[in-house]
2 protein chains.
Amino acid sequence: MDSEPKRRPGARRRAAESTPKRVVNYRQLRHPFTPQQVFSDDEVAALHDTALRVCEELGIRILLPEARAILRAAGARVVDDMVFIGRDLIAAALASAPHSVRLRAANPAREQVYETGAMLFTPGSGCPNVTDRQRGRRAGSLESYLETLKLHQTYDVIHILGPSAEPQDVPPALRHYAMMQGQMALSDKPMFVYARGRAQIEQSLEMIRIGLALSEDDFNTGAWAVTVINSNSPRLLDNPMAQGLIDFARAGQMSIVTPFCLAGAMAPVTVAGALTLQHAEALAAIALVQMTRSGAPVSYGGFSSNVDMKSGAPAFGTPEHVKMQIGAGQLARHIGLPWRSAAGAAANANDMQATTENMMGLWGGMMGHATAIIHAAGWLEGGLSFGYEKFINDIEALQIIAELCVKPSGAEAEIGFDAIAEVAPSGHFFAAAHTMSRYSTAFYAPLVADLSNFGTWEAAGAQTADQRATAIWQANLRDFKAPPGAAEAADRLADYIALKTAAGGAPPLE
Amino acid sequence: MDSEPKRRPGARRRAAESTPKRVVNYRQLRHPFTPQQVFSDDEVAALHDTALRVCEELGIRILLPEARAILRAAGARVVDDMVFIGRDLIAAALASAPHSVRLRAANPAREQVYETGAMLFTPGSGCPNVTDRQRGRRAGSLESYLETLKLHQTYDVIHILGPSAEPQDVPPALRHYAMMQGQMALSDKPMFVYARGRAQIEQSLEMIRIGLALSEDDFNTGAWAVTVINSNSPRLLDNPMAQGLIDFARAGQMSIVTPFCLAGAMAPVTVAGALTLQHAEALAAIALVQMTRSGAPVSYGGFSSNVDMKSGAPAFGTPEHVKMQIGAGQLARHIGLPWRSAAGAAANANDMQATTENMMGLWGGMMGHATAIIHAAGWLEGGLSFGYEKFINDIEALQIIAELCVKPSGAEAEIGFDAIAEVAPSGHFFAAAHTMSRYSTAFYAPLVADLSNFGTWEAAGAQTADQRATAIWQANLRDFKAPPGAAEAADRLADYIALKTAAGGAPPLE
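Residues numbered from 1 in each chain as written. Chains lettered and ligands numbered in written order. Predicted model: local features only at pLDDT ≥ 70, side-chain atom pairs only at ≥ 80, totals over all residues.

Visitor: Just to check I follow, could you spell out the overall build of chain A for this structure?
Guide: Tallying secondary structure elements over chain A gives 20 helices and 20 strands in all. Over its C-alpha trace chain A gives a radius of gyration of 24 Å, about what one expects of a compact globule, namely 24 Å for 510 residues. Buried residues in chain A amount to 62% of all 510 residues. Residue pairs in contact within chain A that sit at least 24 positions apart in sequence constitute 76% of those at least 6 positions apart. (Helix = DSSP H or I, 4+ residues; strand = E, 2+ residues; numbered from the N terminus. Rg over C-alpha atoms; globule rule 2.2 N^0.38 Å. Buried ≥ 20, exposed ≤ 12 C-beta atoms within 10 Å, placed from the backbone. Contact = placed C-beta atoms within 7 Å.)

If you want it as structure tokens, here you go:
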């Protein structure tokens, strides 16, 4: 069944040199598929309503007095560190939250519009360790942080930078200098800034102004920095996260609000229960942003999945994860905001499990119509490691998805009646005029997939996808060229960093 | 970012013994997602119309005189071996083709309704070779054919049997005896029969009647056998395929019509062009079925993908493949018939490429709303090998997809306001009453995924997903028990097979 195809590579190869290369824009993507549902509209409304009840009746514990004061001033009831946020206040916050945020970048061609319908990928982020086939698994360092930035910059399908590797060899009080300098020295994409306390945030934003030579007016034209704010589920907002929401809002920068609700551990064991908690925590954080500064950029978000029933370990790419992605998308549309989802793998190796998990999360994010799919490439061990070879293989998947954003032409010429007429029954199209004029740009050219037959593949060393990926990231690093203006940006930062370093830096907020 | 979760496995493990196991029906699945589009409705209509022009103006070459005679009698124009099929004839065929086919099986609980909205998976099929980590890559044999049947039977998410391994050590004239006997001796699912000439088909159907002790009336209640008919693209229907269409139609058995159109090789280089050819060939085959016997079971189908631009090798799981899956689904809905799609991998190893390719094909089939997704598990090397470990890992993906067919409950109790109220801020839900009463059945339990953390995983031998899969298929084979009645079915066949074997068997039609 499904008989074997013809293979006639000869003609193809001969013509390959003289034909134009295919160019597809992977930089700005729009979702190709319509969003899906796991809940009825009534159920979504009930989930939303229950989340409002959680906010107003059960309350959210917010450790930062300043945050409580902002919410109290806006009308919330505060008892000790518990904040009870009424539905009117949340409705007001949802009314003022922007539906569309301009994410600015050093290179205008790398800008993004963060809104429903856009599809943005970020690399696996927040990983304490990195791993590759050449050097093994090790703690993240400045070297690996900078290497991973080069990899992010190399592939257009990565739309926002992320801290793939934690530079643990840089003292915590100085780490943000290295991270900001690295992003501006090596990339021209929208940047990520950690919310690790006011001093670091202020300095990081100052570095963006200096590095990119922005006037105050320039800086105010959109969000130049993106952060991810995790509530400490269930129902706790800690000091750095609350301060991050406030500081990013005041500065007009982008907070991506993300309760990390693992059903059965930090959240109820059901899909609907976990999403209710996620939704309540997200609404509270969005309220804090909007009560700090009405109209400040903010994204709804969720990274809900489940734990393994046997071990309590977090699981990703599970059916429950995918259902929560789709349900979260429904909740986001219910409140009218763009949202972030997440892919990623629990696997410990570059294996079929890792790919199955990440692919499920990518498709779940697409089915949930997420504006940002975070951890889309390279995230292993539930985020404890960033894998170089995994990153390359995941980029292949992202590029395939990016290609799906371009609809095929259905126009008459493309339908190819003439092409079909050109070839006799049981003939082949390799040399048809219709083929020759199109083949060099007709198809996606794989990054890491090896399509040679078994014999050829074996004779060439039987390299698996992770082995081939090693050569690819090595070539990416070897051939890397910083984008125009990046060296100048780094230069502009040098004095500022030297001065601040001499003054002891800025320790992170605990 | 996305801070690390709590892990509290203790309570979980202690309670695990006394709680009920989760049961989800993977046997009969309905598509959980709405179908997608790559073409506008006008474009679909234009594609269909162009395919009609191919049938009536360019014609299909049909080698079998009997098939030409049937179509000529129905009004087609025949010139030598070229058959020109008018749109009236095709419209009549589409009007009589059933929209729903009952696929019968030895076990009534394994029956399927083959119709739009159903989602059926078949194993990787038609492979000349098999490969596993224990015994390496080798030619398919009766032993491997029977082993793969045991694997198909083990997993409910495989809905129709398929010839995963070609039993090349059985003489071609006797092979169908071994294959039919194997299917009935080891499984109670809907069976696959190769269309390798009238004598083999008649004998295979006779074996179904004898093995399952069916009366003529029983046999006529639905389709007991499924075959896949590949046209020899472009525009050729060879002798065994044409005879298969005729013989299956006459016997009321199921033909899944499948042009195998690789864009750039056996089909035009564009998505629309390849689909036009696919559609024309499928329509011609459906016409032959319906003109043979009005109302005979038949499925529309397509296995269109593209070749690699560099080598001419077939590629799977590519963006073009996915677009063709979605476009083929649109064409199937346009003509109102259920259709088959295909997943599968071009990769030569159990690696990330293999999984990326298969996952893209699985999701493409879902986006295209295919009734059957063939080659859904274990298909490597573009079908030249069936991989045992690949099969197990693909089954994991299929089971996750099967879980997605069950919507989460959005009902009030599930929403878990009380559960959220039960746990203090920053506490955990491991021991919550809401969790304890549900956790043992809340989540999908992985088949091969290992969710332990890196240290535990490494200490346990750092087994990758393909290594773990070896132990799983070995256990499946070791623990295999044939379903009730299977031994009796095989017994009933013994005399028939001995008799026919003594008479020299039935050589396949060339």
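What follows continues from the structure just given.
Visitor: What is the right way to look at the pairing of strand E14 (residues 298-301) of chain A in this model?
Guide: For a regular strand, side-chain orientation follows a simple rule: the groups alternate between the two sheet faces. All names here are of chain A. Going residue by residue along E14, you find Val298 and Tyr300 tucked away on one face and Ser299 and Gly301 tucked away on the opposite face as well. Alignment of strand E12 (residues 254-257) against E14, held across two bridges, turns out to be parallel. For Ile256, the partnering residue across the bridge sits in E14 and is Ser299. Sheet topology note: the E14/strand E17 (residues 339-342) ladder contains two bridges and is parallel. From the neighbouring strand, Gly301 faces E17, where its bridge partner is Arg340. (Pairing = 2+ DSSP bridges.)

Visitor: What exactly am I supposed to notice about the nonpolar core here?
Guide: For soluble globular proteins, the rule of thumb is that nonpolar side chains tend to be buried together. Ranked by size, the top nonpolar core spans 351 residues in total, and within it Ile286(A), Ala287(A), Leu288(A), Ile286(B), Ala287(B) and Leu288(B) carry the most contacts. Other than its neighbours up to four places away in sequence, Ala287(A) contacts Leu71(A), Ile85(A), Leu89(A), Ile90(A) and Ala93(A). (Core = buried A, V, L, I, M, F, W, Y, C linked by C-beta atoms within 7 Å.)

Visitor: Mind showing me how you'd approach unusual backbone geometry here?
Guide: Where the residue is not glycine, phi is negative for most of them; where a peptide bond is considered, it is trans in most cases. Residue and element names in this part refer to chain A. Between Ser233 and Pro234 the backbone carries a cis peptide bond, its omega angle lying at 0 degrees. Counting through the fold element by element, Pro234 comes out in the loop between strand E10 (225-229) and strand E11 (236-237). Unusually for a residue other than glycine, Arg235 sits at a positive phi of about 60 degrees. Relative to the helices and strands, Arg235 is located in the loop between E10 and E11. Its identity is not glycine, yet His375 carries a phi of approximately 60 degrees, on the positive side. With respect to the secondary-structure elements, His375 resides in the loop between strand E18 (372-374) and strand E19 (379-380). With 31 C-beta atoms counted inside 10 Å, the residue His375 sits in the buried group.

Visitor: In this structure, what is going on with the relation of the copies chain A and chain B? I would like to understand it.
Guide: Both copies of the chain are tied together by a single rotation about an axis and a shift running along it. Once chain A has been moved 0.0 Å along the axis and rotated by 180 degrees, it coincides with chain B to within an RMSD of 0.0 Å. What we have between these two chains is a two-fold relation. (Least-squares fit on C-alpha atoms with pLDDT ≥ 70 in both.)

Visitor: Mind showing me how you'd approach the sheet that holds strand E12 (residues 254-257) of chain B here?
Guide: In sheet architecture, strand pairing relies on hydrogen bonds along the backbone and comes in two forms, parallel and antiparallel. Residues and elements named next belong to chain B. With parallel pairing, seven strands are arranged side by side in an open sheet as E6-E18-E17-E14-E12-E10-E9. Two strands close off the open sheet at either side, each with one partner strand: strand E6 (120-123) and strand E9 (191-192). Across two bridges, E9 lies against strand E10 (residues 225-229) in parallel orientation. What sits directly across from Phe192, in E10, is Val226.

Visitor: What is the right way to read the confidence of the model for chain A from this model?
Guide: Do not read the fine detail of predicted coordinates wherever pLDDT is low. All names here are of chain A. For chain A, per-residue confidence averages 94 on the pLDDT scale, and residues scoring 70 or more make up 96% of the total. This stretch, residues 8-19, has a pLDDT under 50; its non-local contacts, to residues over four places away or in other chains, come to 14 contacts. As scored by the predictor, the complex reaches a pTM of 0.96 and an ipTM of 0.96. (pLDDT = per-residue confidence, 0-100.)

Visitor: Could you clarify how one ought to interpret the sheet that holds strand E8 (residues 136-139) of chain B in this entry?
Guide: Residues and elements named next belong to chain B. A sheet is described by the order of its strands in space; here four strands give the open sequence E8-E7-E20-E19, paired in mixed fashion. Among the strands making up the open sheet, the edge pair consists of E8 and strand E19 (379-380). Relative to E8, strand E7 (residues 129-132) is paired through four bridges, and the arrangement is antiparallel. Considered in E8, the bridge of Asp132 is made with Gly136.

Visitor: Is there a simple way to explain the pairing of strand E4 (residues 100-103) of chain A in this structure?
Guide: All names here are of chain A. Where burial is concerned, the two faces of E4 differ: the one with Val101 and Leu103 is buried and the one with Ser100 and Arg102 is not. Examined bridge by bridge, E4 and strand E5 (residues 112-115) share four bridges and lie antiparallel to one another. Bridging from a neighbouring strand, Ser100 pairs with Glu115 of E5.

Visitor: Explain the interface of chain A and chain B here, please?
Guide: As a measure of interface size, the accessible area lost when the parts come together is often cited. Contacts between the two partners involve 126 residues from chain A and, on the opposite side, 126 residues from chain B. When residues of the side of chain A that touches chain B are assigned to their parent elements, the largest contribution, eight residues, is made by helix H12 (residues 352-367) of chain A. Considered class by class, the residues forming the side of chain A that touches chain B number 65 nonpolar, 38 polar and 23 charged. (Nonpolar A, V, L, I, M, F, W, Y, C, P; charged D, E, K, R; others polar.)

Visitor: I'm lost on the packing of helix H2 (residues 41-58) of chain A against helix H10 (residues 271-292) of chain A in this one. Help?
Guide: Each pair of packed helices can be described by the angle between their axes along with the distance between the axes. Residue and element names in this part refer to chain A. Contact geometry of H2 with H10 gives a least axis separation of 8 Å together with a crossing angle of 55 degrees. Relative to H10, the element H2 lies oblique. The handedness of the crossing between H2 and H10 is right-handed. Contacts between H2 and H10 involve Leu47, His48, Thr50, Ala51, Val54 and Cys55 on the former and, on the latter, Ala272, Leu275, Thr276, His279, Ala280, Leu283 and Ala284. Per-class residue counts for the contact of H2 with H10 are nine nonpolar, four polar and no charged. (Axes fitted to C-alpha atoms, helices over the stretch in contact; angles between N-to-C directions. Parallel < 35°, antiparallel > 145°, perpendicular 65-115°, else oblique. Left-handed = near helix turned anticlockwise from the far one by under 90°.)

Visitor: I would appreciate a short explanation of the environment of Gly365(B) in the present structure.
Guide: Along the polypeptide, Gly365(B) turns up in helix H12 (residues 352-367). Excluding residues within four positions of it along the chain, Gly365(B) makes contact with Gln325(B), Ser341(B), Ala343(B), Ala370(B) and Ile373(B).

Visitor: Looking at this structure, I do not really get the environment of Arg250(B). What am I missing?
Guide: Residues and elements named next belong to chain B. Tracing the sequence through the fold places Arg250 in helix H9 (residues 239-250). Taking C-alpha positions, Arg250 is 27 Å from Ala328, a pair spaced 78 residues apart along the chain. When near neighbours in sequence (up to four residues on either side) are disregarded, Arg250 contacts Thr292 and Arg293.

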